[in-house]
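One-letter residues, chain by chain:
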Amino acid sequence: MKTGRPTDAPKRVQIAVRFDEKTLAILDRFCEREGIGRAEGVRRAVERLEAEGRA
């Protein structure tokens with residue numbers, strides 16, 4: 001039996017990241033402004049890199 005919310009894009013891979021305090025503060029400010037969690041903030045940053053042609 002599946003648990004959790006249904007989604008069209010399941011997130012099966014989990015990563016751990018170490019940030020310095022400055023980088024974490026930047027992420028937290030962005031996430032607070034957007035009303036999202038840290039994981040979603042990191043996903044959006046990666047998607048932005050791709051959209052800008054830098055990934």
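Refer to the structure presented above.
Keep in mind it's a predicted model, so treat the numbers as computed, not measured. (Residues numbered from 1 in each chain as written. Predicted model: local features only at pLDDT ≥ 70, side-chain atom pairs only at ≥ 80, totals over all residues. Heavy atoms only, no water.)

A. View of the environment of R29. Looking at the element boundaries, R29 is found in helix 1 (residues 21-34). On a C-alpha basis, the gap between R29 and A45 in space is 13 Å, while along the polypeptide they are 16 residues apart. (Helix = DSSP H or I, 4+ residues; strand = E, 2+ residues; numbered from the N terminus.)

B. Here's a closer look at the pattern of salt bridges. Under the counting rule described, the total for this entry stands at six salt bridges. In this structure, the salt-bridge partner of E40 is R44, at a minimum N-O distance of 3.3 Å. Taken as a pair, E40 and R44 lie in helix 2 (residues 38-51) at a separation of four residues, close to a single helical turn. Owing to a relative accessible area of 25%, E40 belongs among the partly exposed residues under this scheme. (Salt bridge = Lys/Arg side-chain N within 4 Å of Asp/Glu carboxyl O. Buried < 20%, exposed > 50% of the residue type's maximum accessible area, 1.4 Å probe, protein only.)

Note that every value here comes from positions in space, so none of it alone points to a role or purpose.
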